[in-house]
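# Coordinate analysis (summary)
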Amino acid sequence: MMTIILASQSPRRKELMNMLPYPFTVYPSTFDESTITDQNPETAVLKIAEGKAAEVAKEFPDSIVIGSDTIVFYEQILGKPKSAEEARDMLSRLSGKTHTVYTGVVLIKNGVKTSFTERTDVTFWELSEKEISDYIETTDPFDKAGAYGIQSGGALFVKSITGDYYAVVGLPLSRLNKELALLT
C-alpha cells in the first residue's frame with residue numbers, strides 16, 4: 001500500500017483523517033498562503049491546497065500527498081482574525097446571515113494531481129454583542145477562518161448548514177475517502 005501524507009499543521013484535519021480507513025503520516029507544509037492573492041474563493045482555496053501538497057510532494061514523490069485549505073466567504077474572503085477587533089467584525093458580519101465555506105483538496109500521486117472543492121452554506125443565528133464578546137474571550141476564533149469553529153464554541157451560532165459538515169471543519173471526509181479509494 002502506498003504511503004499517504006497529510007500536508008497540514010491543522011490538528012482538526014489530523015483528527016478527521018483518523019476517521020478514514022487509511023494509515024497516514026503528517027508532514028506539515030510551510031507553504032506561504034499569503035502568496036495567493038486571488039479573491040475568487042473557489043480558485044484561491046485550490047491554489048493554497050495545491051501549494052501545500054506540491055511542496056510536500058517534492059519531499060515524498062512516491063507517496064500520496066494531501067493538501068487542503070478552507071476559506072470562509074461572505075462578500076469577501078474572511079481569513080483568520082489577527083485581533084479581537086477583527087474577530088468581532090467578522091462575527092458581526094456573519095450574524096443572522098448565510099455565508100459559504102469552501103474547502104479545497106489536492107492529492108498528488110506520482111506527480112499527477114487530483115483536485116476538488118466542497119462548498120457548504122452556513123447560516124448563523126442573530127448574535128448578541130455579549131455572545132460575540134464571550135466567544136472571543138475563549139480565544140477559539142483566532143486560528144480559524146471566519147473567526148469561528150463549527151466543531152467547537154462556534155457551533156452555538158449555527159442555525160443551519162447545507163452541505164458537508166466535515167468540509168466546514170476542514171476536510172470533506174466522504175469525498176476524500178472516494179478519491180483515495182481510486183488512488184490506492
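Now for a look at the structure at hand. Values in this document were obtained by computation on a predicted structure and should not be read as measured data.

Scoring rules and cut-offs
Residues numbered from 1 in each chain as written. Predicted model: local features only at pLDDT ≥ 70, side-chain atom pairs only at ≥ 80, totals over all residues. Heavy atoms only, no water. Helix = DSSP H or I, 4+ residues; strand = E, 2+ residues; numbered from the N terminus. Rg over C-alpha atoms; globule rule 2.2 N^0.38 Å. Buried < 20%, exposed > 50% of the residue type's maximum accessible area, 1.4 Å probe, protein only. Contact = heavy atoms within 4.5 Å. Areas by Shrake-Rupley, 256 points an atom, 1.4 Å probe, with all protein chains shown as cover. Axes fitted to C-alpha atoms, helices over the stretch in contact; angles between N-to-C directions. Parallel < 35°, antiparallel > 145°, perpendicular 65-115°, else oblique. Left-handed = near helix turned anticlockwise from the far one by under 90°. Nonpolar A, V, L, I, M, F, W, Y, C, P; charged D, E, K, R; others polar. Arc of directions from axis to C-beta. Core = buried A, V, L, I, M, F, W, Y, C linked by side-chain atoms within 4.5 Å. Patch = residues over 30% accessible without salt bridge, like charges linked within 9 Å, V, L, I, M, F, W, Y side chains within 5 Å. Salt bridge = Lys/Arg side-chain N within 4 Å of Asp/Glu carboxyl O.

Time to look at the overall build of the protein. Helix and strand content of the protein: six helices and seven strands. Taken over C-alpha atoms, the radius of gyration comes to 16 Å for the protein, in line with the 16 Å a tight globule of 184 residues would show. In the protein, buried positions account for 47% of the 184 residues. Partitioning the intrachain contacts of the protein with sequence separation of at least 6 by distance along the chain shows that 67% fall at a separation of at least 24. Carbon and sulfur atoms make up 50% of the accessible area of the protein, which totals about 9000 Å².

So, on to the packing of helix 3 (residues 84-94) against helix 4 (residues 129-137). Between helix 3 and helix 4, the shortest axis-to-axis distance is 10 Å and the interhelical angle comes to 135°. When the axes of helix 3 and helix 4 are compared, the pair comes out oblique. As for the relative orientation of helix 3 and helix 4, their crossing is right-handed in sense. Judged by residue contacts, Ala84, Ala87, Arg88, Leu91 and Ser92 of helix 3 engage Glu129, Ile132, Ser133, Tyr135 and Ile136 from helix 4. Split into classes, the residues belonging to the contact of helix 3 with helix 4 amount to six nonpolar, two polar and two charged.

Its location among the elements puts Ser95 in the loop between helix 3 and strand 5 (98-109). With residues near it in sequence (within four places) discarded, Ser95 still touches Phe124, Trp125, Glu126 and Leu127.

Before going further, it helps to examine helix 4. The complete set of buried residues in helix 4 reads Ile132, Tyr135 and Ile136. What you see down the axis of helix 4 is that its buried residues fit within an arc of 100°, all on one side. Those residues of helix 4 that are exposed and aimed more than 90 degrees away from the buried face are Lys130 and Glu137. Of the surrounding elements, those touching the buried residues of helix 4 are helix 3. Where helix 4 terminates, the next one or two residues include Thr139, which has phi positive at roughly 65°.

Along the polypeptide, Gly153 turns up in the loop between helix 4 and strand 7 (158-162). With 12 residues separating them in the primary sequence, Gly153 and Pro141 have C-alpha atoms 8.8 Å apart. If we skip the residues at most four places from it in the chain, Gly153 touches Tyr135 and Asp140.

Within the largest apolar cluster, 39 residues are counted, with the highest numbers of intra-cluster contacts made by Tyr148 and Leu176. Excluding its chain neighbours within four sequence positions, the residues that come into contact with Leu176 are Met17, Leu20, Ile66, Val105, Leu107, Phe116 and Leu171.

A contiguous nonpolar patch, built from Met19, Tyr165 and Tyr166 and spanning about 280 Å² of accessible area, is present on the exposed surface. On the secondary structure map, Tyr165 appears in helix 5 (residues 165-169).

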